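Remarks on the overall topology
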Amino acid sequence: MDGLPDPALAEVASFFQALAEPNRLRLLNLLRGGEQRVGDLAELSGMTTTNVSRHLSLLQQRGLVLREGRGTSVYYRIADVGIYELCDLVCGSLARQSESQARARLALFRT
């Protein structure tokens, strides 16, 4: 991000803001296996179809998913599988932090 102008930083922040909601992350994870219909995503996630559509619309606006209408159904798929690399990187970082904190707490009881 070094040297990015303010408008570009705002775009980056908007991208990460889209990922800052657990239900949207859940939907992205459900799309990991391939495209899905909105109704199927609602059933798999335990959310209403309206709520799933709202979250997917925001993800589409941010360029994270692609939408395709077929007959009466709407299908969504991941726009760029690189999003999973980003999520895996963040998850790995959180796991390392958690392990480090657990070791520090354990050390308190060993002294």
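You'll find the structure just up there.
Within every chain, residues take consecutive numbers counted from 1 along the sequence as written. Local features are withheld for residues below a pLDDT of 70 in this predicted model, meaning they are given only at 70 or higher, and side-chain atom pairs are given and counted only at 80 or more; totals for whole chains, interfaces and linings count all residues. As a rule here, side-chain values cover all heavy atoms of the structure and leave hydrogens and water aside.

1. Here we look at the overall build of the protein chain
Secondary structure assignment for the protein chain yields 5 helices and 3 strands. For the protein chain, the α and β elements follow one another from N to C terminus as α-α-β-α-α-β-β-α. Note that the radius of gyration is over C-alpha atoms, with the globule rule given as 2.2 Å times the number of residues to the power 0.38. Relative to the globule expectation of 13 Å for 111 residues, the C-alpha radius of gyration of the protein chain, 18 Å, shows a markedly less compact shape. The buried share of the protein chain, taken over its 111 residues, is 23%. When checking whether two residues touch, look at their non-hydrogen atoms; a contact exists if any pair is within 4.5 Å. A fraction of 47% describes how many contacts in the protein chain between residues 6 or more apart in sequence connect residues 24 or more apart. About 7600 Å² of surface is accessible on the protein chain, with carbon and sulfur atoms providing 54% of the total. The centroid of the 13 positive side-chain charges in the protein chain is displaced by 7 Å from the centroid of its 12 negative side-chain charges. Numbering of helices and strands runs from the N terminus; a helix is a DSSP stretch of H or I covering at least four residues, while a strand is a stretch of E covering at least two. In this scheme, a residue with accessible area under 20% of its type's maximum is buried, one over 50% is exposed, and one in between is partly exposed, where area comes from a 1.4 Å probe on protein chains only. Where accessible areas are quoted, they stem from the Shrake-Rupley method and a 1.4 Å probe; at the residue level, only the protein chains shown are allowed to cover. Within this scheme the basic residues Lys and Arg register as positive and the acidic residues Asp and Glu register as negative, but His and the chain ends are omitted. One atom stands in for each charge, and that atom is NZ of Lys, CZ of Arg, CG of Asp or CD of Glu.

2. Observations concerning the side chain of H55
Inspection of the secondary structure assignment puts H55 in helix α4 (residues 49–61). The buried category is assigned to H55, whose relative accessible area is 3%. Discounting chain neighbours no more than four positions away, the residues touching H55 are E21, N23, R24, L27 and M47.

3. As for the pairing of strand β2 (residues 65–70)
As paired elements, β2 and strand β3 (residues 73–78) share 6 bridges and run antiparallel to each other. Bridging across to β3, E68 finds its partner in Y75. The pairing criterion for strands is at least two bridges between them, as found by DSSP. In this antiparallel pair of consecutive strands, β2 and β3, the connection spans 2 residues, and G71 shows a positive phi of 60°.

4. A few points about the pattern of salt bridges
Salt bridge, as applied in this entry: a Lys or Arg side-chain nitrogen positioned within 4 Å of an Asp or Glu carboxyl oxygen. Applying the stated rule across the entire model yields 5 salt bridges. Residue R37 pairs with D40 through a salt bridge whose shortest N-O separation is 3.0 Å. What makes D40 partly exposed here is its relative accessible area of 27%. Its salt-bridge partner being E68, residue R70 comes within 3.2 Å of it at the nearest N-O pair. Residue R70 is classed as partly exposed on the basis of its relative accessible area of 34%. What emerges from the salt-bridge pattern is a single network uniting E35, E68, R70 and R77.

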